[in-house]
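# Summary of the model geometry
One-letter residues, chain by chain:
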Amino acid sequence: MDAFRRHLLRHAALGAMTVGMTGAVRAQASSPDVPAKGRPRTSQVVVAGTTFARLFEPAPGEGKPGGLAVDLLDAILIPAGHQPRYEFFPWLRAQAMIEHGPAQILVGPYRTPERERQMRFSRQAFYEDALVFYARRREEGLWWGDFQALVPLRIGAVQGWVYGDRFEQARRGLNVTAVRDLNTALRMLQLNRLDLIAANQRNSEPVIQDLGMSDQVALCTPPFAQLRGHFAFRRDAAGEPWSALIDAGMQRLRASGELQQMAARRGVALPD
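Structure report, in brief. (Residues numbered from 1 in each chain as written. Predicted model: local features only at pLDDT ≥ 70, side-chain atom pairs only at ≥ 80, totals over all residues. Heavy atoms only, no water.)

## Some details on the packing of aromatic side chains
Note the threshold: Within 6.5 Å between ring centres, the rings of Phe, Tyr and Trp (the latter by its six-membered ring) count as paired, and their orientation is classed by plane angle as stacked under 30 degrees, edge-to-face over 60, tilted in between. Residue burial is assigned from relative accessible area. The probe radius is 1.4 Å, only protein chains are included, and a residue is buried under 20% of its type maximum, exposed over 50%, and partly exposed in between. Here a helix means four or more residues in a row that DSSP labels H or I, a strand means two or more in a row labelled E, and each is numbered from the N terminus.
For the structure shown, the criterion picks out 17 aromatic pairs. A ring pair is formed by Trp-143 and Phe-147, whose centres lie 4.9 Å apart and whose planes are at 65°; its orientation type is edge-to-face. Both residues of the pair, Trp-143 and Phe-147, count as buried. Here the aromatic rings of Phe-147 and Phe-224 are separated by 6.0 Å at their centres, their planes lie at 75°, and the arrangement is edge-to-face. With Phe-147 in the loop between strand S5 (127-136) and strand S6 (154-158) and Phe-224 in the loop between strand S9 (217-219) and strand S10 (225-234), the pair connects residues that are 77 residues apart, well separated along the chain. When its relative accessible area of 9% is taken as the criterion, Phe-147 is described as buried. Here Phe-224 falls in the buried class, since its relative accessible area comes to 5%. One aromatic cluster in this structure is built from Phe-133, Trp-143, Phe-147, Trp-161, Tyr-163, Phe-167 and Phe-224.

Put into structure tokens, the structure is as follows:
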């Protein structure tokens, strides 16, 4: 009799567990926290990038990062129920973070056919850069718009940066040295190890000022390219909902005039 009662009790317990699990599954399926099909499925969004002046800048200490990219992403992601986590890396590593995970959004890449094979780009660009050369003061006449005249010169270009079709077509015939970052390139220019640096003007001016080199380095004219920067996402299906969310948010902010106001406050050139 005792064995029979234990048998009944065991079956009753198993039945209760089954009911509880079924109820939990049903509750989860109907929970408002579970996103609809095609929507991003995480509340925390990892946003990767490197320091871009006026676009994506780390805050001193434990403060919040700033820049136009942060303004835009906060305005799009937070109302949609997502919390962005901004992380800074060397540029090549930041790109790898979006190509191979774990980041969902990459800040600021220029769009190129090669990169389009590796990542998905936002439909709209959110800034535009002038690509220029820098020389030592009183040597800015080394560049006047003719790449053929640069053949005997030593030119520094930052690893992982895109400089546009015109520069890339000329690169094969030039003496170009790849450098780790803009600071390194400027130091090499100062030490007479380079004659020119290829860079974007927006990102370069603050670095030149911070290094105290404003009286040593000169901007060459004219610019050799105008390039537009985007947000980028994973190329596979995991990037599609984030791309759709950012595209819709950018369109809304532009239509309301908020995008233009944000860009003006940050001193960033906004593409048409």
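## Focus: helix H8 (residues 240-256)
Selection rule: Multiply 1.5 Å by the residue count of a helix minus one, and that product is the helix's expected span. For this analysis, residues touch if any pair of their heavy atoms sits within 4.5 Å.
The end-to-end C-alpha distance of H8 is 25 Å, a good match for the 24 Å that 17 residues give at a rise of 1.5 Å each. Of all the positions in H8, only Pro-241, Trp-242, Ser-243, Leu-245, Ile-246, Asp-247, Gly-249, Met-250 and Leu-253 are classed as buried. Buried residues along H8 sit against strand S1 (44-49), helix H2 (68-77), strand S3 (105-110), strand S4 (119-121), S10 and helix H9 (258-266). Taken from the residues just after H8, Gly-257 is the one with a positive phi, measuring 90°.

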